[in-house]
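Working through the structure, step by step
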Amino acid sequence: MYAIVEIAGQQFKVSKDLKVYVHRLTNEEGSKVSFDKVLLLDENGNITLGAPAIEGASVEAKVLQHLKGDKVIVFKKKRRKGYKKRNGHRQYLTQIVIEGISAAGAKKAAPKAEKVAVAATEELEAPKKAKAPKVDTSVNEQAKQKSAEEAPKKAAPKAKKEDTQE
């Protein structure tokens, strides 16, 4: 059994007794945490999808420790310009262990064929918009013809004479 859950803005695939490093949580070490935003749940091949989350499903975890991640060095350089910038960063992390996944209130996902059929019936039942009234274009066309007749025609550009030397 596994679940895809959103923890501190990131999605993780978790199962029971799995240790996960997540962005720093405010909970104290040793305290228990519950994550309610379960996006997908798999119980022995029965997959349940949320829209966007599964109602009633949750993941229980225990905070093991707070720590800092590995040092990351950001180095920027532009060649031949004398430009060099060095910067570093260490991410604050929390290590948690997943104690259990509860699927209370989870509903099984409908087969794909039924979803397509439901979507097709919804499209048929949608109210149709009224068509815009047609505008009498004969007045506009007559005005265009008059302006074309009144405007003097431009002469075609003359071909340039090229001097050929041999």
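Refer to the preceding data block for the structure.
Keep in mind that what you see is a predicted model, and the values were worked out from it rather than measured. (Residues numbered from 1 in each chain as written. Predicted model: local features only at pLDDT ≥ 70, side-chain atom pairs only at ≥ 80, totals over all residues. Heavy atoms only, no water.)

Let us now look at the nonpolar core. Counting 20 residues, the largest nonpolar core has Val14, Phe35, Val38, Val59 and Ile96 as its most contacted members. The set of elements that each furnish at least two residues to this core consists of β1 (2-7), β2 (10-15), β3 (19-23), β4 (32-35), β5 (38-43), β7 (58-78) and β8 (83-102). (Core = buried A, V, L, I, M, F, W, Y, C linked by side-chain atoms within 4.5 Å. Buried < 20%, exposed > 50% of the residue type's maximum accessible area, 1.4 Å probe, protein only. Helix = DSSP H or I, 4+ residues; strand = E, 2+ residues; numbered from the N terminus.)

Taken as a whole and assessed by the stated rule, the structure comprises two salt bridges. Among the salt bridges present, the one from Lys37 reaches Glu6, with a minimum N-O distance of 3.9 Å. Placement of Lys37 in the loop between β4 and β5 and of Glu6 in strand β1 is noted, with a sequence separation of 31 residues between them. Judged by relative accessible area, which is 25%, Glu6 ranks as partly exposed. (Salt bridge = Lys/Arg side-chain N within 4 Å of Asp/Glu carboxyl O.)

Here we take up the sheet that holds β8. Ordered in space as β3-β8-β7-β4, the four strands form an open sheet in which the pairing is antiparallel. The sheet is open, and its two edges are formed by β3 and β4, each paired on a single side. The average undirected angle you get between the axes of adjacent strands in this sheet is 50 degrees. Note: β4 against β7, four bridges, orientation antiparallel. Bridging from a neighbouring strand, Phe35 pairs with Val59 of β7. (Pairing = 2+ DSSP bridges. Axes fitted to C-alpha atoms, helices over the stretch in contact; angles between N-to-C directions.)

Turning to the side chain of Asp42, a few remarks are in order. Locating Asp42 in the fold gives a position in strand β5. For Asp42, the side chain forms a polar contact with the main-chain nitrogen of Gly45, separated by 3.0 Å. When neighbours within four sequence positions are excluded, Asp42 is seen to be in contact with Met1, Tyr2 and Ile47. (Polar contact = N/O pair within 3.5 Å; in protein donor to acceptor, adjacent residues only side chain to side chain. Contact = heavy atoms within 4.5 Å.)

Time to look at the sheet that holds strand β6 (residues 46-49). Read from one edge to the other, the open sheet built from four strands follows the order β2-β1-β5-β6, with strand pairing classed as antiparallel. On the outer flanks of this sheet lie β2 and β6, each paired with one strand and no other. Here the average twist between neighbouring strands, direction ignored, is 20 degrees.

A word on the environment of Lys77. Position of Lys77 relative to the elements: it lies in strand β7. When neighbours within four sequence positions are excluded, Lys77 is seen to be in contact with Tyr83 and Lys84.

So, on to the packing of aromatic side chains. Counted under the stated rule, the structure contains zero aromatic pairs. Sitting over the face of the ring of Tyr83, Lys78 holds its NZ or CZ atom 5.4 Å from the ring centroid. (Phe/Tyr/Trp six-rings, centres within 6.5 Å; stacked < 30°, edge-to-face > 60°. Lys NZ or Arg CZ within 6 Å of the ring centre and 35° of its normal.)

That is the geometry; function is a separate question.
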